[in-house]
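Structural description and commentary
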Amino acid sequence: MMPSTPPPSAAEYWETRYRESGRSWSGRVNAALEREIAGVAPGTALDLGSGEGGDALWLARQGWAVTAVDIAPSALALGAAAQHPDDDITWVAADLAEWMPPTQYDLVTSCFLHSSVELPREAILRRAAGAVAPGGILLIVGHAGVPHWAHADAHDEGGHDPVELPTPDDVYATLFTDSALVPAEWTVLTKALIDRVGVGPDGSTGPIADSVLKLRRR
Ligand SMILES: C[S@@+](CC[C@H](N)C(=O)[O-])C[C@H]1O[C@@H](n2cnc3c(N)ncnc32)[C@H](O)[C@@H]1O
């Protein structure tokens, strides 16, 4: 029997993808982030799995000082290339499986941190919650369903297999499982499935649901 090829590491997979394909998403802010954060007084923000920086760039233009972390340097380079001189963004190439936030932030956001290769998402999200400053906001947005154009063996809107689609309740429970975090220290601002029109890789549109969890740390 032929030995099977080991799967690529997360770093190999994502860097190769961005290096070969260039811009992989719309480059625009995610609808859920814009809806949930527009009007919030800006401060410091941490964007986990920022990709090419659509959210980080939007946050910076709202006055946030943003730290954008992604495992793929080529993704961050796309974001940096789109940055205005006045945008306050620090681009950090790091594996969130190991990266420790060096401080706390007024906003910690993670939009569509899904991957078809190894990703300890739950541990990353728990660590992310710990990096929210008192009075700050944690926003976690994910896919909640497979869009109509995706086939079982095909790719979802993000271009990867829809491997992990927890509900907002699942994500909320995850934060407080095997964790030093306690629910009493958090106010739930949004915990919902929100329908929107998604755009497929070929430009086609169709309904898709986002899982949105927004908490404020007391
Ligand atoms: C589906 S994309 C979402 C990108 C962006 N947040 C957005 O909404 O457009 C997932 C992102 O997570 C990043 N990522 C995956 N695993 C990672 C890890 N272990 N550490 C840091 N970033 C990771 C990928 O490079 C990719 O940019």
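All of these numbers come straight from a predicted model, not from anything done at the bench.

**A word on the sheet that holds strand E2 (residues 65–70)**
Spatial strand order, E3-E2-E1-E4-E5-E7-E6: 7 strands in an open sheet with mixed pairing. With one partner strand each, in any of the chains shown, strand E3 (89–93) and strand E6 (186–199) form the two edges of the open sheet. Ignoring which end each strand starts from, the neighbouring axes of this sheet average 15° apart. In this structure, E6 lies alongside strand E7 (residues 205–217), joined through 13 bridges in antiparallel fashion. Within E7, the position partnered with Gly 198 by the bridge is Gly 206. Relative to E3, helix H4 (residues 73–81) is tilted by about 165°, and along the sheet it contacts E2 and E3. Along the sheet, helix H5 (residues 121–130) makes contact with strand E1 (44–48), strand E4 (105–111) and strand E5 (132–143), crossing E5 at roughly 155°.

**Here's the deal with unusual backbone geometry**
The phi torsion at Phe 112 lies on the positive side, around 60°, for a residue other than glycine. By secondary structure assignment, the location of Phe 112 is in the loop between E4 and H5. Look at Asp 178: it is not a glycine, yet its phi comes out positive at around 50°. Examined against the element boundaries, Asp 178 turns out to sit in the loop between helix H6 (168–175) and E6. On the basis of neighbour count, Asp 178 is assigned to the exposed category, with 8 C-beta atoms found within 10 Å.

**Some points on the site of the ligand**
Residues in close proximity to the ligand total 22 residues, the closest being Trp 14, Gly 49, Gly 51, Ile 71 and Leu 96. Grouping the amino acids of the shell around the ligand by side-chain chemistry returns 12 nonpolar, 8 polar and 2 charged.

What counts, and at which threshold
Residues numbered from 1 in each chain as written. Predicted model: local features only at pLDDT ≥ 70, side-chain atom pairs only at ≥ 80, totals over all residues. Pairing = 2+ DSSP bridges. Helix = DSSP H or I, 4+ residues; strand = E, 2+ residues; numbered from the N terminus. Axes fitted to C-alpha atoms, helices over the stretch in contact; angles between N-to-C directions. Contact = placed C-beta atoms within 7 Å. Buried ≥ 20, exposed ≤ 12 C-beta atoms within 10 Å, placed from the backbone. Near = placed C-beta within 6 Å. Nonpolar A, V, L, I, M, F, W, Y, C, P; charged D, E, K, R; others polar.

In short, shape yes, function no, at least from these values alone.
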